[in-house]
Structures are given as structure tokens and as C-alpha cells.
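What the coordinates show
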Amino acid sequence: QPKTENEYQVYYKRAVCYYSLEKFSEALTDINTVIEKYPTPQAKLLRAYINQALEDYEAQLTDLNELISLNPDSPEMIQWRASVLMESGKYKEAQEDIRWLLQRQQSPQLKAYLGLTYYYLEDPDSALMMFDEIIQEEPGFTPSYVYAASLCLDEGAYELALKYIDKGLQKEPDNTTLLFYQGIALVETDMTKEGCRCLTKAFNAGNDDVAEYLKEYCYK
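Residues numbered from 1 in each chain as written. Predicted model: local features only at pLDDT ≥ 70, side-chain atom pairs only at ≥ 80, totals over all residues. Heavy atoms only, no water.

1. Things to note about the packing of aromatic side chains
Aromatic ring pairs are reported here in terms of the distance separating the ring centres and the angle at which the planes meet. For the record, the criterion: Aromatic rings from Phe, Tyr and Trp, with only the six-membered ring used for Trp, were paired whenever their centres fell within 6.5 Å, and each pair was classed as stacked if the ring planes differed by under 30 degrees, edge-to-face if by over 60, and tilted otherwise. Numbering of helices and strands runs from the N terminus, with a helix taken as a DSSP run of H or I at least four residues long and a strand as a DSSP run of E at least two residues long. Only when the NZ of Lys or the CZ of Arg is both within 6 Å of the ring centre and within 35 degrees of the ring normal is a charge said to sit over the ring.
Counted by the stated rule, this structure contains 9 aromatic pairs. Ring centres of F180 and Y213 lie 5.2 Å apart, and the angle between their planes is 75°; this geometry places the pair in the edge-to-face category. Highlighted residues: F180 in helix α11 (residues 176-188) and Y213 in helix α13 (residues 211-218), separated in sequence by 33 residues. Above the face of the Y11 ring, R14 is positioned so that its terminal group lies 4.9 Å from the ring centre.

This is the structure in C-alpha cells:
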């Protein structure tokens, strides 16, 4: 157990080394020892990074909330917290952070995340409206077609899914996720031959998620 401030500094530096070496449990032990005596923002930030690597969402949020309270206008910290809230399923709270960010910077990726929060909160209509808005404003942003198509597939709206997929493939013809979704939508609308062709193309391009669908629909 360290006794002097210099010894605590050694523990902090060792925590940094452990983190760099991806020895996250050891890093966490050392930084917790430091924070017990010196709960500085710098130490809390390092602990947040360590807990990010450990995928401990609640621990990350505890430190992020404190750091943001000290610097409430930091877009980087707010964006980090929004991503943690998304990963931990706290979509309502994530929406607040994403809206805050969108007031300060217009970003198709942020809007897409907002759309996803609506979908995860079982409001697919609002989600689709958001994806449509992105497509209108930023037609070259391919993820919006992927998210919209995925939503439509989940809802069983295969014809609508195909419309988004076709538009997306016009922008990015080799997008393996869109080819995968195209295969599913075609198979589900009784166009099995064309669907299997798309699934095979996606599989050959490296999308391993396709394998089960190929077995189920195409290799009977």
C-alpha cells in the first residue's frame, strides 16, 4: 500500500503501463488504490478508459458523469457517455445526450444513433423517419440504408426493405451487409433463386453471418 504522494504517482504510472499492456484488471486495482487517496479528474479518466476495456458500463458511467459535471460542455465526453448509454441499453438517457450533441454539430452518424434509439424503444415509425431524413440530407451515408433495411426486415416489411437496399447498393455496390439483407428479403418474398445468389455473393465476400441462411434456404 503506497504511503507518500510519490508512491501514489508510481502506482498511477504502473496503472498506465498495465493499461497499455492490456492487463486491465491489474490496471484497475492500481488506479483504484490511487483514487482512494487522490480522486483527481486525470485518475478518474484513466479508470473510465480501463472500465471501457473491461466493458463495465456502470463503472464507466459513474466516472463519466463526474467528469462531465466538471466540464459540462465537452462534446467528446458527452459522445462517450452517449455510446456507453447505448451499449448498456439506456436509450432514453442516450437520446438526451445525442440531442445535445446534434444542437452543436450536425452529423449523419449522430442522427443514425438517434434513429436506433427510437427503434430500440419500440418506436419503428420515428426511427424510419429519422433514417429517411438522413437519406434525404446525406444520400451518400450508407449506414442509413443498412439501418432502415434492417428495421424493415425485422418488421417483416420485405418490399420496403428492398427499396432501401437497392438505393444503398447504388451508393456502395459491394456492401456485404446490404447484399446479405437483399438475399433475405428476396428469399422471404419467394424469389429464392435471386436471393440465394445474393447470399452466396455476400458469403464469398467474407460475411460469415450468411452461412446459416445459405444452409436453411439454398442448400436443401
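2. Observations concerning the layout of surface pockets
Where empty space is left can be seen by rolling a probe of water-molecule size over the atoms. We apply this condition: The way it works is a 1 Å grid over only the protein atoms, where trapped points that fit a 1.4 Å probe form a cavity and open points with protein on both sides within 12 Å along at least five of seven lines form a pocket, and then any residue with an atom within 4 Å of a point lines it. Grid points are joined across faces, edges and corners, and a volume is the space filled by probe spheres set on the points. Just so you know the grouping, Ala, Val, Leu, Ile, Met, Phe, Trp, Tyr, Cys and Pro go in nonpolar, Asp, Glu, Lys and Arg go in charged, and all remaining residues, Gly too, go in polar.
Here the largest pocket defines a volume of roughly 150 Å³. Taken together, Q79, A82, S83, M86, E87, Y91, I98, L110, Y113 and Y120 make up the lining of the largest pocket. Mapped by element, the contributors of at least two residues to the lining of the largest pocket are α5 (75-87), α6 (91-104) and α7 (108-120). For the lining of the largest pocket, the element with the highest residue contribution is α5, accounting for 5 residues. Among the residues making up the lining of the largest pocket, the classes are represented as 7 nonpolar, 2 polar and 1 charged.

3. Notes on the pattern of salt bridges
Put simply, the rule reads: Note on definitions: salt bridges are taken to be side-chain nitrogens of Lys or Arg within 4 Å of carboxyl oxygens of Asp or Glu. When a residue's accessible area, from a 1.4 Å probe over protein chains only, is under 20% of the maximum for its type it is buried; when over 50% it is exposed; and in between it is partly exposed.
Here the structure, examined in full by the defined rule, presents 8 salt bridges. With a closest N to O distance of 2.6 Å, E66 and K44 form a salt bridge. With E66 in helix α4 (residues 57-70) and K44 in helix α3 (residues 41-53), the pair connects residues that are 22 residues apart, well separated along the chain. Judged by its relative accessible area of 37%, E66 is partly exposed. With a relative accessible area of 7%, K44 lands in the buried category. For E212, the salt bridge goes to K215, with nearest N and O atoms at 3.7 Å. Placement of both E212 and K215 in helix α13 is noted, with a separation of 3 residues, approximately one turn of the helix. For the pair shown, E212 and K215 are each scored as exposed. Within the structure, one salt-bridge network assembled from shared partners comprises K111, E133 and E137.

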